[in-house]
Amino acid sequence: MDLFFGNVNIADVLTGAVYKGNIAVKGGRIVGIGDVSPEKGMKVIDCEGMYAAPGLINLHVHLFGTGRPAKALGGGKAQERLVRLVRTPVGKAVLYKIMESNAETELKSGVTTIRTVGDFSGVDFKLKRNVEKGRSRARGLRILVSGHAITVAGGHGAGTFALTGNTPEELEKLVDDAVREGADLIKICITGGVMDAKRRGAPGEVRMELPFVKAVCDRAHSYGKKVASHVQSSLGAEIAVRGGVDTIEHGAPIEGGTAEIFGSRGGAVVVTYSPAIPNALLGAEATKLDETAKFNSEVVMNGMTECAKSAPAYGIKIGLGTDASCPFCTQSGMWRELVYYSKRVGVTPGEAVRTATLGNAEILGIADETGSISVGKSADIVILKENPLKDPRAYSEIEYISARGRLLVKPKPSKMPDIEALLDKITEEL
Ligand SMILES: [Zn+2]
């Protein structure tokens, strides 16, 4: 539908300024901004007193879960049963519905682009295809998919959202398979995570050694695909950089020499506070974490902050994602990530919005397509009651969304009230 947002306060993420004007949308693109008039056939929406901001980009999404802490993803028999189920035709159909509904929730929460970084059974390829064809409730959402993550036996996600290989050659083959099936990027897991750490103070133990990482990166780059890696320790970051990884996910302190190399080749760290902060700050009655996991969550959270504060000086870009599907990482919570980032790293709310829009688009290499309200770009626009450059919480209540020109009116993303209440408390106290 061709759209015309009239009399709206337009948030410019580049300058941090807000100016009044109209926005004309035709064929899913922004065709005019400022003192422009509606063309015949455009749906005119009066936005007096409201704010227009770019749609958010969530760089770290898993679509298989809702974010409610679940025993079935914590390992053991329950997880094995679930994984066996999602490999059957019936399981795949059920999983597709869950993932589609979660993609729709991302969209209704003002996220117009997601990058998935590890999902079961490649169902994400099918979902992306259907969304692109307009045959989905999530149509309008731009999806970059990785398919399964790739790691070695015993690596993070092995047996669930990651496939494993025992040799560099086997990993190369997994890259070939993913690209053939439609992957836009390759996700690997170099280190372990908080949940699979055996020792207190040692989250992020290296599981994938350098030759394995290098094999995957070289193969992916030969197809022109970027590589994102789960990294939760300094040693893991060093291996990621030496192996050729393009984006370090979650983050950990990066040693100076390594940071310099990473920055000079345009590397980025994708910060994900959404799992780290609740797991570190909520009590055990809510998280069900043991003392070791809670302590390690704190290590990861502080490592992220140290990394996000020091990396830009080396030219490393910072991106934002939620790690949706992890415990407490809901599919509607991208706006919280902006609040966490702003408060923990000490950047202005406007800088947090710029990072989650234009900054994230630059990391994906699609900044000429989305990430700001600019003539010629895709019409990925969110209309809000308040100015998000003053407080990103404005994204939590949305009046209209244009997702590549698809209009959503007063969208209500599905939410879990009990989880929201817990998260609201932390967000206030930060
Ligand atoms: Zn993840």
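Remember, it's a predicted structure, so these values are computed and weren't measured experimentally. (Residues numbered from 1 in each chain as written. Predicted model: local features only at pLDDT ≥ 70, side-chain atom pairs only at ≥ 80, totals over all residues. Heavy atoms only, no water.)

Draft legend 1. Spotlight on the environment of valine 86. Take valine 86: it is sitting in helix H1 (residues 76-86). The spatial distance from the C-alpha of valine 86 to the C-alpha of threonine 160 is 9.8 Å, given a sequence separation of 74 residues. (Helix = DSSP H or I, 4+ residues; strand = E, 2+ residues; numbered from the N terminus.)

Draft legend 2. Summary view of a nonpolar patch on the surface. Taken together, the side chains of Val90, Val94 and Ile98 make up a nonpolar region of the molecular surface, amounting to roughly 250 Å² of accessible area. When its relative accessible area of 34% is taken as the criterion, isoleucine 98 is described as partly exposed. (Patch = residues over 30% accessible without salt bridge, like charges linked within 9 Å, V, L, I, M, F, W, Y side chains within 5 Å. Areas by Shrake-Rupley, 256 points an atom, 1.4 Å probe, with all protein chains shown as cover. Salt bridge = Lys/Arg side-chain N within 4 Å of Asp/Glu carboxyl O. Buried < 20%, exposed > 50% of the residue type's maximum accessible area, 1.4 Å probe, protein only.)

Draft legend 3. Local environment of the packing of aromatic side chains. The final tally for this structure, using the stated rule, is one aromatic pair. Geometrically, the ring pair formed by phenylalanine 64 and phenylalanine 161 is stacked, given 6.3 Å between the ring centres and 20° between the ring planes. Of this pair, phenylalanine 64 sits in the loop between strand E6 (56-61) and H1 while phenylalanine 161 sits in the loop between strand E9 (149-151) and strand E10 (162-164); the two residues are 97 residues apart in sequence, bridging distant segments of the chain. Exposure remark for phenylalanine 64: the relative accessible area of 14% places this residue in the buried category. (Phe/Tyr/Trp six-rings, centres within 6.5 Å; stacked < 30°, edge-to-face > 60°.)

Draft legend 4. The sheet that holds strand E8 (residues 142-144), seen in detail. Read from one edge of the open sheet, three strands run E6-E7-E8, paired in parallel fashion. Either end of the sheet is taken by a strand with one partner, and the two such strands are E6 and E8. Between one strand axis and the next, the sheet turns by 15° as a mean value, whatever way the strands run. Bridge count between strand E7 (residues 111-116) and E8: three bridges; the pairing is parallel. Looking across to E8, one finds that arginine 115 is bridged to leucine 144. Sheet strands in contact with helix H11 (residues 334-345) are E6 and E7, and its direction is about 90° off that of E6. (Pairing = 2+ DSSP bridges. Axes fitted to C-alpha atoms, helices over the stretch in contact; angles between N-to-C directions. Contact = heavy atoms within 4.5 Å.)

Draft legend 5. Spatial organisation of the pattern of salt bridges. Considering all chains together, one arrives at 28 salt bridges under this definition. Close ionic contact of lysine 128 with aspartate 184 constitutes a salt bridge, the shortest N to O distance being 2.9 Å. Linking lysine 128 in helix H3 (residues 123-132) with aspartate 184 in the loop between helix H4 (168-181) and strand E11 (185-189), this pair joins segments that are 56 residues apart in sequence. In this structure aspartate 184 comes out as partly exposed when scored by relative accessible area, which is 25%.

Draft legend 6. View of the side chain of asparagine 296. Relative to the elements of secondary structure, asparagine 296 occurs in helix H10 (residues 291-310). Beyond its immediate stretch of four places on either side in the chain, asparagine 296 contacts Val194, Ala197, Arg199, Arg200, Gly201, Ala202 and Pro203.

Draft legend 7. Quick peek at the coordination of the zinc ion. For the zinc ion, the full set of protein donor atoms is His60 (NE2), His62 (NE2) and Asp323 (OD), at a range of 2.1 to 2.3 Å. Read from N- to C-terminus, the donor residues coordinating the zinc ion fall into the pattern H-x1-H-x260-D. In this pair, histidine 60 is assigned in strand E6 and aspartate 323 in the loop between strand E15 (317-320) and H11, connecting sequence segments 263 residues apart. The burial state of histidine 60 is the same as that of aspartate 323; both residues are buried. (Donors = N, O, S within 2.8 Å, 3.2 Å for Na, K, Ca; no water.)

Draft legend 8. Molecular detail of the pairing of E7. With six of six residues buried, E7 is to be regarded as a mostly interior element. Bridging between E6 and E7 involves four bridges; their strand directions are parallel. Bridge pairing in E7 places valine 61 opposite threonine 116.

Draft legend 9. A look at the packing of H11 against helix H13 (residues 417-429). Closest axis-to-axis distance for the H11/H13 pair is 11 Å, and the angle between their directions is 25°. Judged by the inter-axis angle, H11 sits roughly parallel to H13. Both H11 and H13 take part in a crossing whose hand is left-handed. Contact residues: Trp335, Arg336, Val339, Tyr340 and Lys343 in H11; Glu420, Leu423, Asp424, Thr427 and Glu428 in H13. By residue class, the composition of the contact of H11 with H13 is four nonpolar, one polar and five charged. (Parallel < 35°, antiparallel > 145°, perpendicular 65-115°, else oblique. Left-handed = near helix turned anticlockwise from the far one by under 90°. Nonpolar A, V, L, I, M, F, W, Y, C, P; charged D, E, K, R; others polar.)

Draft legend 10. Structural context of the side chain of threonine 287. Within the secondary structure layout, threonine 287 lies in helix H9 (residues 284-287). What threonine 287 contacts, discounting residues up to four positions off in sequence, is Pro278, Asn279, Leu282 and Phe328.

Draft legend 11. Representation of the pairing of strand E3 (residues 29-34) in the model. Pairing of strand E2 (residues 18-26) with E3 involves five bridges; the strand directions are antiparallel. Bridge pairing in E3 links valine 25 to isoleucine 30. In this antiparallel pair of consecutive strands, E2 and E3, the connection spans two residues, and glycine 27 shows a positive phi of 55°.

Keep in mind these numbers describe shape, not what the thing actually does.
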